[in-house]
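The lines below spell out each chain.
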Amino acid sequence: MKRVLFLCTGNSARSQMAEALLRKYGGDQFEAHSAGLQPKGMNPLTVKVMQEVGIDVSSQKSKGVGEYLGKVLFQYLITVCDDADKNCPTVWPGVNKREHWSFEDPAAFEGTEAEKLAKFREIRDQIEVRIKEWLASLQ
């Protein structure tokens, strides 16, 4: 089983979605985790938009990189925001492959509640497509 760590700044939306979607589509080939450089707690809209597609992330917790660095070996490290790509440790013990997938931060989006929800759905759907493409590329 290959371990994958999705990394972003707050570990409140994008990396949490990626973790949950890899669990859904990666089957028993992958063990998915996520962390943030400055964890902010799970965004309630993340929970809501994931529930809409039948994935319950309400028990997932926002975690810092310190929870994993030097303690868990990952085969893949995937940054899902530009800030994490620039600021995350460049050397991570055991990582065979580091990738960067740039997604807009839905939590930073300004607008009405309906507009924010739409932005979270858009990013969720983009991450879902990217996870499926990535899994297909590994076959």
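Everything below is about the structure printed above this text.
What this report covers is the structure whose coordinates are included nearby. (Residues numbered from 1 in each chain as written. Predicted model: local features only at pLDDT ≥ 70, side-chain atom pairs only at ≥ 80, totals over all residues. Heavy atoms only, no water.)

With that settled, consider the packing of helix α1 (residues 14-26) against helix α4 (residues 113-138). The geometry of α1 relative to α4 is characterised by a closest axis approach of 9 Å and an angle of 45° between their N-to-C directions. Classified by the angle their axes make, α1 and α4 are oblique. Read as a crossing pair, α1 and α4 show a hand that is right-handed. On α4, the residues touching Arg 14, Met 17, Ala 18, Leu 21, Leu 22, Tyr 25 and Gly 26 of α1 are Phe 120, Ile 123, Arg 124, Ile 127, Glu 128, Ile 131, Lys 132, Trp 134 and Leu 135. (Axes fitted to C-alpha atoms, helices over the stretch in contact; angles between N-to-C directions. Helix = DSSP H or I, 4+ residues; strand = E, 2+ residues; numbered from the N terminus. Parallel < 35°, antiparallel > 145°, perpendicular 65-115°, else oblique. Left-handed = near helix turned anticlockwise from the far one by under 90°. Contact = heavy atoms within 4.5 Å.)

Given two aromatic rings, one states the distance between the centres and the angle between the planes to describe the pair. On inspection of all chains with the given rule, the structure shows five aromatic pairs. Between the aromatic rings of Tyr 68 and Phe 74, the centroid separation amounts to 5.4 Å while the plane-to-plane angle is 80°, which identifies the pairing as edge-to-face. By relative accessible area, which is 1% here, Phe 74 ends up buried. Here the aromatic residues Phe 6, Phe 30, Tyr 76, Trp 101 and Trp 134 are joined through ring pairs into a cluster of three or more. (Phe/Tyr/Trp six-rings, centres within 6.5 Å; stacked < 30°, edge-to-face > 60°. Buried < 20%, exposed > 50% of the residue type's maximum accessible area, 1.4 Å probe, protein only.)

Let us now look at the state of the cysteines. According to the stated counting rule, one finds zero disulfides in the structure shown. Sulfur of Cys 8: no disulfide; nearest cysteine sulfur belongs to Cys 81 and is 5.2 Å away. A relative accessible area of 2% places Cys 81 in the buried class. (Disulfide = S-S within 2.5 Å.)

If you trace the backbone, Asn 11 turns up in the loop between β1 (2-8) and α1. Among the polar contacts made by the side chain of Asn 11, one reaches the main-chain amide nitrogen of Lys 63 at a distance of 2.6 Å. Setting aside residues no more than four positions away along its own chain, Asn 11 makes contact with Gln 16, Ser 34, Ala 35, Gly 36, Gly 41, Lys 61, Ser 62 and Lys 63. (Polar contact = N/O pair within 3.5 Å; in protein donor to acceptor, adjacent residues only side chain to side chain.)

Turning next to the pattern of salt bridges. Under the criterion given, the structure shown has 10 salt bridges. With a shortest N-O distance of 3.9 Å, Glu 99 and Arg 130 are connected by a salt bridge. Taken together, the positions of Glu 99 in strand β4 (residues 97-100) and Arg 130 in helix α4 put the pair 31 residues apart, joining distant regions of the chain. Exposure remark for Arg 130: the relative accessible area of 25% places this residue in the partly exposed category. (Salt bridge = Lys/Arg side-chain N within 4 Å of Asp/Glu carboxyl O.)

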